[in-house]
Amino acid sequence: MKYLSKKIVTLIMTLFVVSAAAFIAFQIIPGDVVTSILGTEATPEREAQLREELGLNDPPVARYFRWAGGVLMGDLGISYRYAKNMNEMMPVAELIGDKLPVTLSLAAISLVLIVAVSIPLGVLWARSRNKVLDAALGVITQTTMAIPSFFLGIIVTYLFGMVFKCFVPGGYVSYEKDIKGFLFYLLFPALAIALPKAAMTARFLRGSLLTELRADYVRTARSKGCGERRVMYGHVLRNAMMPVITFLGMIIAEIVAGSIVVEQVFSLPGIGRLLISSISTRDLPVVEILILYITFVVIFVYFLVDILYRVVDPRISGK
Amino acid sequence: MPRDKCPAGEENRADVKRKGGIKWNKYLIAGLCMTGLIVLLAIVGIFWTPYSTTSMSASERFAAPSLRHFFGTDNFGRDIFSRVMKGIGTTILISTLVVAMSGTAGILVGALTGYFGGVVDEVVMRVTDAINGFPSILLALVVISVMGTGQRNLVISLGIVFMPSFIRIVRSEFIRLRDADYISRARLMGVGRIRILFVHILPNIFSTFWVSVMIGFNNAILAESGMSYLGIGVQPPQASLGKMLSDAQGYLTTAPWYALAPGLTIVWIVLGFSLLSEGVQRLSK
């Protein structure tokens, strides 16, 4: 399929540009890596030795290709800050490894929540003939959209954690120990990420449904004796979902961004917290990999959305 | 044929009528009231706050909201209302600078690429595409990690992050208008390029541009408070709504109002500006 191969080439190109940009950006940062690892008290011999170990004496282009080649082969480099023990430095892959499932599960649960809340809500809203309900939903969604996810996280902590005591704030359990408890704990941060986005999606779906409901084929379906329910779920919803899928795809980037902040609120050991702490301690190899990784996820999701689009609506074929 | 009978003349009159008075709608009124209050608080906060934002009082730690302290006091006994007033000022200042920076760049780059097109246009569009697809707070984090924290770097990083959306909007408007009849006539009359760009086209895109400015302003507020919450935005001695929220999180059980005050203020600001932009959008319809 020509279209698919073209898309894949674009995906690889983008990753190349982002990785090069990330690499260059961190080369021009002021401050010497060796001094920041060893401190200012180190002997010149030790400094030279470490410089050689890290390969800092090579020209930048060679270093980029060695780094990028390593990443492709699964070698993500070593962290400047975290150490396994006194003599061994921490590989970035190990550092990220057990944090990845946390962030990915959080994003997945958020996405499920968004879809589960927004689609029924959007349909209900588009169908409502009740002016009061219509206005109420308008006010509620508009307000929900204005709440930043970290504040919503604090509200969720307070309401569900302290007033209703549904969960213990800070009582995170690792997925290796208790998968059920892990997923249950993630439900609350996911709620904080999902609610504003769900409100946004519901508004969007309602608009899309109302436009579709005015289409000719709806009148045809009704005149053939189709019930309202059948018209909505059999005909309109499918067509109205098209722009919503694109919208959801765009929201994924926001979910990832939201999880960076919300992980901080609920003290979840995900890659968002690692990113923040690595940025403040200037642990550049970790930051580089995380940026590359998040970019990859975002671009890959756009790619999937594009394909999904074609599956849902066969009328679209490569233009 | 008398002038007022020709269709074009009637159209003109309708235009004049609409310009004569603003057609108020409920979004516009609600938005103006909400943002007006915020701007008022911010301006008053520059010159006067009920209490000093730094004076501590051991006897009044965690005082609940009352007539004496509208929003209560925090863990040091500082008046939260005064600090929120200062915080609003900081937030609005930063967001204004961010929008001014990215909006100006958007007008310049968008006008040139949209009007002239060509290879530069292609390249700029690919770059903005790439940045647009990226989660904005992540990009700002990257810029901050390269340049270091602090208020100035926060403004620069958010300014860079919001540039692409302005460039795209201005560009598409310039593409729409560059082949309009009145522009080709102006060109025939020998009007210079710069004059066409900024005197003939620019005023006509403002209705679209203002809406995107307000949306950008909202995003800037959310991003600023988010980054200050994470501790990589506005730094401590300065009051900031996001920073207050992260301080307050540790005292949720003892003083829930400490978190509610700055949080609800952010919601209020964002809601006000989104209502305002909705109202302006309806105005031009």
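Quantities reported herein were computed from a predicted structural model and do not represent experimental measurements. (Residues numbered from 1 in each chain as written. Chains lettered and ligands numbered in written order. Predicted model: local features only at pLDDT ≥ 70, side-chain atom pairs only at ≥ 80, totals over all residues. Heavy atoms only, no water.)

Digging into the overall build of chain A
Next up, step 1: Looking only at helices and strands, chain A has 13 helices and two strands in total.
Next up, step 2: The proportion of buried residues among the 319 residues of chain A is 45%.
Next up, step 3: For chain A, long-range pairs separated by at least 24 residues make up 69% of all intrachain contacts whose partners lie at least 6 apart in sequence.
Next up, step 4: Total accessible area computed for chain A in this model is approximately 16,600 Å², and 66% of it derives from carbon and sulfur atoms. (Helix = DSSP H or I, 4+ residues; strand = E, 2+ residues; numbered from the N terminus. Buried < 20%, exposed > 50% of the residue type's maximum accessible area, 1.4 Å probe, protein only. Contact = heavy atoms within 4.5 Å. Areas by Shrake-Rupley, 256 points an atom, 1.4 Å probe, with all protein chains shown as cover.)

Here we look at the overall build of chain B
Next up, step 1: The helix and strand inventory of chain B stands at eleven helices and zero strands.
Next up, step 2: Start at the N end of chain B and walk to the C end: the helices and strands fall as α-α-α-α-α-α-α-α-α-α-α.
Next up, step 3: Its C-alpha atoms put chain B at 85 × 50 × 30 Å along the principal axes.
Next up, step 4: Per-residue burial over chain B gives 51% buried out of 285 residues.
Next up, step 5: Long-range pairs, those at least 24 residues apart, make up 71% of the contacts in chain B between residues at least 6 apart in sequence.
Next up, step 6: Accessible area of chain B: about 14,000 Å², with a carbon and sulfur share of 65%.

Quick word on helix α9 (residues 206–229) of chain B
Residues and elements named next belong to chain B.
Next up, step 1: The end-to-end C-alpha distance of α9 is 34 Å, a good match for the 34 Å that 24 residues give at a rise of 1.5 Å each.
Next up, step 2: For α9, the buried fraction is high: 17 of the 24 residues fall into the buried class.
Next up, step 3: Positive backbone phi, approximately 90°, marks Gly-231, located one or two places after α9. (Expected span 1.5 Å × (residues − 1).)

So, the pattern of salt bridges
Residues and elements named next belong to chain A.
Next up, step 1: Inspection of the entire model under this criterion finds eight salt bridges over all chains.
Next up, step 2: When the shortest N-O distance is used, the salt bridge between Asp-134 and Arg-206 registers 3.6 Å. In this pair, Asp-134 is assigned in helix α7 (residues 131–145) and Arg-206 in helix α9 (residues 179–213), connecting sequence segments 72 residues apart.
Next up, step 3: Taking the relative accessible area as the measure of exposure, Asp-134 reaches 26% and is therefore partly exposed.
Next up, step 4: Assessed through its relative accessible area of 24%, Arg-206 is described here as partly exposed. (Salt bridge = Lys/Arg side-chain N within 4 Å of Asp/Glu carboxyl O.)

A short note on the interface of chain A and chain B
Put simply, an interface is often sized by how much accessible area is lost when its parts join up.
Next up, step 1: Taken together, the contact between chain A and chain B spans 30 residues of the former and 33 residues of the latter.
Next up, step 2: A combined buried area of about 2,900 Å² lies between chain A and chain B, and 81% of that area is made up of carbon and sulfur atoms.
Next up, step 3: The largest share of the area that chain A buries against chain B comes from A:Phe150, A:Phe151 and A:Ile154, three residues that together contribute 20% of it.
Next up, step 4: Counting across the interface, chain A meets chain B through zero salt bridges.
Next up, step 5: The interface formed by chain A and chain B contains one residue pair in polar contact (both at pLDDT 80 or more).
Next up, step 6: Its residues placed into classes, the side of chain A that touches chain B shows 24 nonpolar, five polar and one charged. (Buried area = accessible area lost by both parts, 1.4 Å probe. Polar contact = N/O pair within 3.5 Å; in protein donor to acceptor, adjacent residues only side chain to side chain. Nonpolar A, V, L, I, M, F, W, Y, C, P; charged D, E, K, R; others polar.)

Things to note about unusual backbone geometry
Among all residues save glycine, negative phi is the norm, and among peptide bonds the norm is trans.
Residue and element names in this part refer to chain A.
Next up, step 1: A positive phi angle, near 40°, is found at Ser-267, a position not held by glycine.
Next up, step 2: For Ser-267, the location among the structural elements is in the loop between α11 (228–265) and α12 (271–281).
Next up, step 3: Given the relative accessible area of 32%, Ser-267 is considered partly exposed.

Considering the packing of aromatic side chains
Residue and element names in this part refer to chain A.
Next up, step 1: Applying the stated criterion to the full structure yields twelve aromatic pairs over all chains.
Next up, step 2: When the ring of Phe-160 is compared with that of Phe-188, the centres are 5.7 Å apart and the planes differ by 45°; the resulting orientation is tilted. Of this pair, Phe-160 sits in helix α8 (residues 149–163) while Phe-188 sits in helix α9, and the two are 28 residues apart along the sequence.
Next up, step 3: The exposure class of Phe-160 is partly exposed, given its relative accessible area of 26%.
Next up, step 4: On the accessibility criterion, Phe-188 (6% relative accessible area) is buried.
Next up, step 5: Measuring from centroid to centroid gives 5.6 Å for Phe-296 and Phe-300, while their planes differ by 20°, and the two rings are stacked. Here Phe-296 and its partner Phe-300 are both found in helix α13 (residues 284–312), four residues apart, which amounts to about one turn of the helix. (Phe/Tyr/Trp six-rings, centres within 6.5 Å; stacked < 30°, edge-to-face > 60°.)

A short note on the nonpolar core
Next up, step 1: A:Leu209, A:Phe266, A:Leu275, B:Phe174 and B:Met227 are the most contacted members of the largest nonpolar core, which totals 150 residues.
Next up, step 2: Among the elements that take part in this core, α11(A) stands out by supplying 18 residues, more than any other.
Next up, step 3: Once residues lying within four places of it in the same chain are set aside, the contact partners of A:Phe266 are A:Gly153, A:Val156, A:Thr157, A:Phe167, A:Tyr185, A:Phe188, A:Pro189 and A:Ala192.
Next up, step 4: In terms of nonpolar packing, the next biggest core, distinct from the first, is built from five residues, A:Ile245, A:Ile252, A:Val297 and A:Val305 among them. (Core = buried A, V, L, I, M, F, W, Y, C linked by side-chain atoms within 4.5 Å.)

Details of the side chain of B:Ser102
Next up, step 1: Relative to the helices and strands, B:Ser102 is located in helix α3 (residues 80–116).
Next up, step 2: Not counting chain neighbours up to four residues away, the residues in contact with B:Ser102 comprise B:Gly159, B:Phe162, B:Met163 and B:Phe166.

Points about the domain arrangement of chain A
Residues and elements named next belong to chain A.
Next up, step 1: Its domain assignment divides chain A into domain 1 (2–93) and domain 2 (100–318).
Next up, step 2: In this structure, domain 1 and domain 2 have C-alpha centres spaced 34 Å apart.
Next up, step 3: Taken residue by residue, the interface counts 23 residues in domain 1 and 22 residues in domain 2.
Next up, step 4: Across the domain 1 to domain 2 interface the summed buried area is about 2,100 Å²; carbon plus sulfur atoms make up 77%.
Next up, step 5: A per-residue breakdown of the area domain 1 buries against domain 2 is headed by Tyr-3, Leu-11 and Phe-26, which together make up 26% of the total.
Next up, step 6: Counting across the domain 1 and domain 2 interface gives zero salt bridges.
Next up, step 7: Secondary structure elements with two or more residues in the side of domain 1 that touches domain 2: α1 (2–27), α4 (60–72) and β1 (78–83).
Next up, step 8: At twelve residues, α1 tops the list of elements feeding residues into the side of domain 1 that touches domain 2.
Next up, step 9: Looking at the side of domain 1 that touches domain 2 residue by residue, the class counts come to 18 nonpolar, three polar and two charged. (Domains from an automatic or database assignment.)

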